[in-house]
Each structure stands twice: as C-alpha cells, then as structure tokens.
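# Survey of secondary and tertiary structure
Now for the letters of each chain:
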Amino acid sequence: MSFFRSIRDTLLPRRASTQTWMVLTFALFVGVAVVGVGLYVVLVLRGEMRSAMEQTLRDQADRIAVQVAREPNPNRRHQIVESLTELSDLSIALVTPDTTYRPSAQTPHALPVDTLIDASAFRTLEAETAQFAYTEGPDRQPYFIATLYRPSANLIVQVGQPPPPLYDLARRSQVVLILGMILALMLALIGSFIAAYQVTTPLTRISETARRVADGEFADKIRVDSRAAEFQDLADSLNRASDAFREKIEELERMTRLQSEFIGNVS
C-alpha cells in the first residue's frame, strides 16, 4: 500500500504549482484517450482486419473447391488451377489423395515452398476444416494463406494472396492514427503549459504585490499583462483596495499628529 501511495504522491503531489496541475490534468485526460485509441487500433481493429482477410480467403477457397469438384478430369483440374492463378492475384494449390495440382514455374503467383501441403495431410483430416497462416512472400511482403479441406469432394484447396490495396491503406491509416494521437498528446501538453503560464504569471504578480501591500508598501500598482477579464478586474479591485488602505493609513497618521500636537499644546 505504501508503494502505491508513494507513486500517487509522485504523480499527484500534495502541493504543486497551478502550472504543474494543469499540465498533469491535460496529460491524464488526453493520455487516457491516446492509450484507449492505441489499444483499439492494435488489439481490436487489427484483429478485425485479419479476420476479414481470412474470411475472404475462405470464401475464395470454397468457391474454387466447388468449381474443381465438378470436374473429375485431372488434366482439366490442372488447367483450372493454372487459369485461376494467371487471371487473378491468387496463389492456388489443389491437393487430392492421388496427386497435387500446382501452377507451373511460369505462373507469376506461387505459394511459398515452406507452406505447401501434400497428400499426407489427408490422414489427419476427418471433417471440414479451414486453417490460416500469415507469412512473407518472395518480395518480403505480408502474405495470407488459407487451407480448406472439403470432405464431400475429398480435396484440399490452398489459397494465398498478398494484402489487397484496401488492407494496406487500412494499415497505413492505423499508423497515421497512432502518430496523430501521439502528436495530439504532445500538442495538448504544450498547449496546457502555455495556458498555465498565461494563468500563473498574473497570479504571481498579484501575489507579490499583495505581499508588499501587507508589508506596508502601497506605492506599487498591480499591472497585469493579460487579456483575461477576470485578472483585469481582480487587479483593479486590489489596486482600489490598496488605495483605500493607503488613504486610511494616511488619515490615521494625520490624526495621530494632530493628537500629539493637541497634547503638546495642552501640556
């Protein structure tokens, strides 16, 4: 308990200047907003983007499986895989218990070698399953891979795709959003420091003048370089109070002198 109390006293001191409190207040509220948005972007939004990409690949793999299952001819199946790979940005591999259909070396899109599956996978599959992987392509770019097993057709469809332009745009938007929130926090701290300076400077001058008035120095006037009406009114009120005190003291001093002269004359 004492440890948390010491941390609290460090972050929230019992006595500190107004400028310190204003900066801490802005840092607390804006910092909470920045942390909240950052956690949402990193944990929630990124996960939703990944889930949307996985669902898209699963749908594509399901459509390819339906199209291939209608064609029993192995040569025709190989042509379907070649055609779909050439006409789209997908990387497709088709696996059956008998053979594996993969695009030829001339195909522009190809699955990474370490992600390809073979017929031995059928021994571990009992029901319709879908697996997803995230790796790097040959050009060091992110690469999504979905593997779908269709027990009705007894085949496995493996589909790979680089992130689409909208996915890259969303990722860049995440980075821009996080940087923007950090910049907003920095600007909030700078703005709070400036605002606190504009508040504390007139208060400091008023406090110094009030201290001199308490010590009996009535010559100085409070001059506030601020456009805030409250500070201007406070300075005028204190100046009028100082003038009234000075007049009362001068009146008392004059009465004291008259009293002394009267007593001297009577003596």
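In the block above lies the structure referred to throughout.
Residues numbered from 1 in each chain as written. Predicted model: local features only at pLDDT ≥ 70, side-chain atom pairs only at ≥ 80, totals over all residues. Heavy atoms only, no water.

## Overview of the overall build of the protein
Summing up its helical and strand segments, the protein has five helices and five strands in all. Mapped in sequence order, the helices and strands of the protein form the string α-α-α-β-β-β-β-β-α-α. Residues classed as buried in the protein amount to 27% of the 267 residues present. In the protein, the proportion of contacts linking residues at least 24 apart, taken out of those at least 6 apart, comes to 54%. When the accessible surface of the protein is totalled, it reaches about 17,800 Å², and 59% of it is carbon and sulfur. (Helix = DSSP H or I, 4+ residues; strand = E, 2+ residues; numbered from the N terminus. Buried < 20%, exposed > 50% of the residue type's maximum accessible area, 1.4 Å probe, protein only. Contact = heavy atoms within 4.5 Å. Areas by Shrake-Rupley, 256 points an atom, 1.4 Å probe, with all protein chains shown as cover.)

## Some points on the pairing of strand β1 (residues 91–95)
For a regular strand, side-chain orientation follows a simple rule: the groups alternate between the two sheet faces. Summarising burial for β1: five of the five residues are buried, a large majority. The alternating pattern of β1 places S91, A93 and V95 on one face and I92 and L94 on the opposite face, and all of these are buried. Bridge count for β1 against strand β5 (residues 155–161) is five bridges, and the pairing is antiparallel. In the sheet register, A93 faces β5, and the bridge partner there is Q158. (Pairing = 2+ DSSP bridges.)

## Brief notes about the nonpolar core
The biggest cluster of nonpolar side chains holds 20 residues, and the ones touching the most others in it are I64, V68, L94, L155, V157 and V159. Broken down by secondary-structure element, the contributors of at least two residues to this core are α2 (18–69), α3 (74–87), β1, β4 (142–150) and β5. At seven residues, the largest contribution of residues to this core is made by α2. Among the nonpolar cores identified, the runner-up in size contains five residues, and V95, I117, L125 and Y149 belong to it. (Core = buried A, V, L, I, M, F, W, Y, C linked by side-chain atoms within 4.5 Å.)

## Notes on the side chain of Q60
Tracing the chain through its elements places Q60 in helix α2. With residues near it in sequence (within four places) discarded, Q60 still touches L90, V159 and Q161.

## Thoughts on α2
Given a rise of 1.5 Å per residue, 52 residues ought to cover 76 Å, and the 75 Å separating the end C-alpha atoms of α2 matches this to within 8%. Bending of α2 peaks at approximately 35° at the position of V41. (Expected span 1.5 Å × (residues − 1). Bend = angle between axes of the 7 residues up to and from the residue.)

## Points about the environment of Q158
Take Q158: it is sitting in strand β5. Here Q158 falls in the buried class, since its relative accessible area comes to 2%. Placed 68 residues apart in sequence, Q158 and L90 show a C-alpha to C-alpha distance of 9.9 Å. Discounting chain neighbours no more than four positions away, the residues touching Q158 are S91, I92, A93, L111, T115, L116, I117, I145, A146 and T147.

## Regarding the pattern of salt bridges
Under the counting rule described, the total for this entry stands at one salt bridge. With a shortest N-O distance of 2.7 Å, D62 and R150 are connected by a salt bridge. Note that D62 is positioned in helix α2 and R150 in strand β4, a separation of 88 residues in sequence. Relative accessible area serves as the criterion here: at 29%, D62 is assigned to the partly exposed category. (Salt bridge = Lys/Arg side-chain N within 4 Å of Asp/Glu carboxyl O.)

## Section: the sheet that holds strand β3 (residues 129–136)
By way of backbone hydrogen bonds, the strands of a sheet pair with one another, either parallel or antiparallel. With respect to topology, five strands assemble into an open sheet ordered β2-β1-β5-β4-β3, the strand pairing being antiparallel. Taken across any chain shown, the strands that pair with only one partner, and hence form the sheet edges, are β2 (100–101) and β3. Of the strands in this sheet, β1, β3, β4 and β5 touch α2, which is tilted by about 135° from β5. Relative to the sheet, α3 contacts β1 and β2, its axis offset from that of β1 by approximately 160°. (Axes fitted to C-alpha atoms, helices over the stretch in contact; angles between N-to-C directions.)

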